[in-house]
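Chain residues, written in single-letter form:
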Amino acid sequence: MTHLTRRTLLAGLATLPLTRPAHAGQSRYVLVPKGTSVAFTFDLSGLAQSGTMPIQSADIRIDLSNLTNSRVSVTLNAAESRTRLPFARNAMLGPDVLDVARFPTIHFVSTRVQLGEGGRISRGAKVIGDLTLRDVTKPIALQADLFRPSGSASDNLDMLSIRLTGALNRHDFGASGYADLVQDTVGLDIRAEIKKAE
């Protein structure tokens, strides 16, 4: 996503809620796999570690005339999670943490979009929803940014890019194994390129 800039976000999407008539309603967008990644971070024995988790499916509906009416539902393939340390991956997938033998997926469904300053999906915007991990569902709030490709016309929103960041306490979901080695907080950094469905 190097072709996307924060300047593009602020200049091109500053008036996004005004770019479509109020009756436009939700538009369905689909993922562009090449530009999509879900990264997570954690501390292992005081050292920062990272990993990735593929998206199994996503249902993305964006209302360009009223961004608060947008919705997203995403399923992650927890069983295919990767870390840089093989032994850490094995422990993470095991019964004391993600327990992917019983719970192979993680699911997020949005319940509310909270816009940032000036009604923008930036500057403090959040996507709030329910995260289900190990069959435990808890609310989570993710910081949100929405971009369009650099150089594209301000009213051309066929291609967009989303970044969601946040954190969770793994113990809230029962993923409490290795508490003496792994910090409670897991960071999330989700980047997705999406295009309007035909």
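Residues numbered from 1 in each chain as written. Predicted model: local features only at pLDDT ≥ 70, side-chain atom pairs only at ≥ 80, totals over all residues. Heavy atoms only, no water.

Residue placement: Ile 190 occurs in strand E10 (residues 185-196). Along the chain, Ile 190 and Phe 40 lie 150 residues apart, while their C-alpha atoms are 8.4 Å from each other. Filtering out sequence-adjacent residues up to four positions away, Ile 190 remains in contact with Ser 37, Val 38, Ile 162, Arg 163 and Leu 164. (Helix = DSSP H or I, 4+ residues; strand = E, 2+ residues; numbered from the N terminus. Contact = heavy atoms within 4.5 Å.)

Along helix H2 (residues 86-93), the positions that sit buried rather than exposed are Ala 88, Arg 89, Met 92 and Leu 93. For H2, the arc enclosing every buried residue in end-on projection is 125 degrees, short of the 170-degree limit, so these residues lie on one face. Residues of H2 that are exposed and point more than 90 degrees away from the buried face comprise Pro 86, Phe 87 and Asn 90. Looking at the buried positions of H2, the neighbouring elements they touch are strand E1 (26-44) and strand E5 (82-83). (Buried < 20%, exposed > 50% of the residue type's maximum accessible area, 1.4 Å probe, protein only. Arc of directions from axis to C-beta.)

The phi dihedral of Ser 45 is positive, around 55 degrees, even though this residue is not glycine. With respect to the helices, strands and loops of the structure, Ser 45 is situated in the loop between E1 and strand E2 (47-52). We note that Asp 99 has phi near 50 degrees; this positive angle belongs to a residue other than glycine.

Once that is clear, we can look at the pairing of E2. One face of the sheet, then the other: side chains in a regular strand alternate in exactly this way. Sheet topology places E1 next to E2; six bridges connect them, and they run antiparallel. Looking at E2, one finds that Phe 42 is bridged to Gln 49. Direction of pairing for E2 relative to E5: antiparallel, over a ladder of two bridges. Bridged to Thr 52 within E5 is Arg 82. (Pairing = 2+ DSSP bridges.)

The subject of this paragraph is the confidence of the model for the protein chain. The share of residues in the protein chain with pLDDT of 70 or more is 88%, and the mean pLDDT across the chain is 87. Here helix H1 (residues 6-12) is the element of the protein chain with the lowest mean pLDDT, 39, and strand E7 (residues 126-133) is the one with the highest, 97. (pLDDT = per-residue confidence, 0-100.)

A word on the pattern of salt bridges. With the rule as written, the count across this model stands at six salt bridges. When the shortest N-O distance is used, the salt bridge between Asp 189 and Arg 163 registers 2.8 Å. Taken together, the residues span a long stretch of sequence, with Asp 189 in strand E10 and Arg 163 in strand E9 (residues 159-169) at a distance of 26 residues. The class of Arg 163 is partly exposed, set by a relative accessible area of 28%. Asp 189 serves as the salt-bridge partner of Arg 191, at 3.5 Å between the closest nitrogen and oxygen. The exposure class of Arg 191 is partly exposed, given its relative accessible area of 30%. Salt bridges sharing partners connect three or more residues here, namely Arg 163, Asp 189 and Arg 191. (Salt bridge = Lys/Arg side-chain N within 4 Å of Asp/Glu carboxyl O.)

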